[in-house]
Amino acid sequence: MALRFYNTLTQRLEEFRPLDGETVRMYTCGPTVYHYVHIGNFRTFSFQDVLRRVLRMRGWKLHHVMNITDVDDKIIRNAVAEGKSLKEYTERFTQAFLEDAAKLRLERPEKLVFATEHIPDMVAAIQRLAEKRHTYESEGSTYFRIASFPEYGKLSHTNFSGNVAGARVDVDEYEKADARDFVLWKARKPGEPYWDTPLGAGRPGWHIECSVMAMQYLGETIDLHAGGEDLIFPHHECEIAQSESLTGKPFANTWIHTRFLQVDGEKMSKSKGNFYTVRDLVDGDRVDPLALRYALITVPYGKPLNFTRQTLRDAAQNVDRFRECARLADAAKARGAKGASAGFAESLRQLADEMLEAMCDDLNTSVALAKALGGTSVIFKAGDSMTAEDAPAALAFLDEVQALLGIVRPEHGAVQAPSAPQVDEERIEALIAERAAAKKARDFARADAIRAQLDAEGIELRDTPEGTHWRFKTTP
Ligand code: AMP
Ligand code: ZN
């Protein structure tokens, strides 16, 4: 069963396999933490979560990096208005994002990275772009000259050759009609936060953040890059221009973009004010988080989803079906009646296979959910006559739905509850460095002991040509 995705870059459905034949190196643009993340954003993040699950079920390992954009125009505007430092302002929204993601049972990416922790790396990348003559300076800001990258436009499939040389755009977000030389480094403005760097006092533009962090953690060519449809242009187009100008290699092989969650036919967005947050719905309106998750994935990512209260009500009913099935199977086990019902296990097995097949076919969640619900009908039909011998097949089916779609029950291991202790990335990185040093000194006992220690903490190490990567061990 081939795994196929629609690649925005080639505009084709393509069979997917990671470059190294083992680990999928993927980068997803995380939230801009200037406010609570709305459920439109979470539609995109939910699809990235089911994408992770499908990739893992097909046997690939995952190395997924997600960034948190903690410096941009909107954050600065709000932080300045509240008289807060960037960090003070963004910290609570980052925390809220992680809590909301955990409520929706989104797995944590193997690595979360913060833009403000990579400023020197961004400066170095801009300097290298300058050496390669892709940039110019004007009034203390540095711009990327899009005429220096003839392939500019290849992701959004737009021809920018009529672009006026030297025309510039300073803001982080803009429309295609505004495609001009974009800003890499913005000169300091009075009253705004800034960094003193060899490029001058200022701060990075949004696009350079992702290019730098993606390549730093995942290598020069990554397998998969994803985001919502609004990121195709300008953000991802600019990421390609920057990264490929730096390396001369393809930046990402597959690009996956989620269409918008809409309200009354319009994009759900903070600026329009037509949004709900996870906390509005889950804490305020007592919506079951699994029902919200279900609702967000009802329509495949390649089609827009119009969000209504009815979508949520339907989702809640369906999520209840899975719970009821688990209860029926547990009761059957407890009753202990012998004998297997004819065709019961086979029907469920077939539905589970079809569910996975639908997901491998460009994440067709609507077919996959229909198969999952088909399984609940098989289980309901058996009902109270389900035997103890049937019960494992029912439970195994529910486990597969859970592993693939995450809508059956809160799961263990893969998701960190908000109250779970945070991982200390610095300590892990320090141990990895110590292990590398031990190996170099041929102290293999120490190197193995470090690997074993991290393993016992649920952290897995993998040695690659670009260095040692770590990730959480996840439950299948
Ligand atoms: P932002 O916090 O604006 O950087 O957005 C975080 C992610 O959510 C990005 O991948 C966006 O493309 C995506 N996104 C924003 N609005 C929506 C929406 N209404 N529906 C689906 N995805 C969205
Ligand atoms: Zn990005």
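Residues numbered from 1 in each chain as written. Chains lettered and ligands numbered in written order. Predicted model: local features only at pLDDT ≥ 70, side-chain atom pairs only at ≥ 80, totals over all residues. Heavy atoms only, no water.

### Digging into the pattern of salt bridges
One pass over the full model with this rule turns up 38 salt bridges. Aspartate 73 serves as the salt-bridge partner of arginine 203, at 2.9 Å between the closest nitrogen and oxygen. One end of the pair, arginine 203, is in strand E11 (residues 200-204); the other, aspartate 73, is in helix H2 (residues 73-82), and 130 residues separate them in sequence. For the salt bridge of arginine 435 with aspartate 463, the shortest nitrogen-to-oxygen distance reads 2.9 Å. With arginine 435 in helix H13 (residues 425-440) and aspartate 463 in strand E17 (residues 459-464), this pair connects stretches of sequence that are 28 residues apart. Since its relative accessible area comes to 35%, aspartate 463 is described here as partly exposed. Within this structure, Glu99, Asp100, Lys103, Arg279 and Asp283 form a network of salt bridges that share partners. (Salt bridge = Lys/Arg side-chain N within 4 Å of Asp/Glu carboxyl O. Helix = DSSP H or I, 4+ residues; strand = E, 2+ residues; numbered from the N terminus. Buried < 20%, exposed > 50% of the residue type's maximum accessible area, 1.4 Å probe, protein only.)

### Section: the coordination of the zinc ion (ligand 2)
Coordination of the zinc ion (ligand 2) by the protein comes from Cys29 (SG), Cys210 (SG) and His235 (NE2), over a distance range of 2.0 to 2.2 Å. For the zinc ion (ligand 2), the single-chain donor residues occur in sequence as C-x180-C-x24-H. Residue cysteine 29 is found in the loop between strand E3 (23-28) and helix H1 (39-57), and its partner cysteine 210 is found in helix H5 (residues 206-218); the two are separated by 181 residues along the sequence. There is no split in this pair, since cysteine 29 and cysteine 210 are both buried. (Donors = N, O, S within 2.8 Å, 3.2 Å for Na, K, Ca; no water.)

### Some details on the sheet that holds strand E14 (residues 261-263)
Spatially, E15-E14-E16 is the arrangement adopted by the 3 strands of the open sheet, whose pairing is mixed. Strands at the two margins of the open sheet, each flanked by one partner only, are strand E15 (266-267) and strand E16 (305-306). Bridge count between E14 and E15: 2 bridges; the pairing is antiparallel. What sits directly across from glutamine 262, in E15, is lysine 267. (Pairing = 2+ DSSP bridges.)

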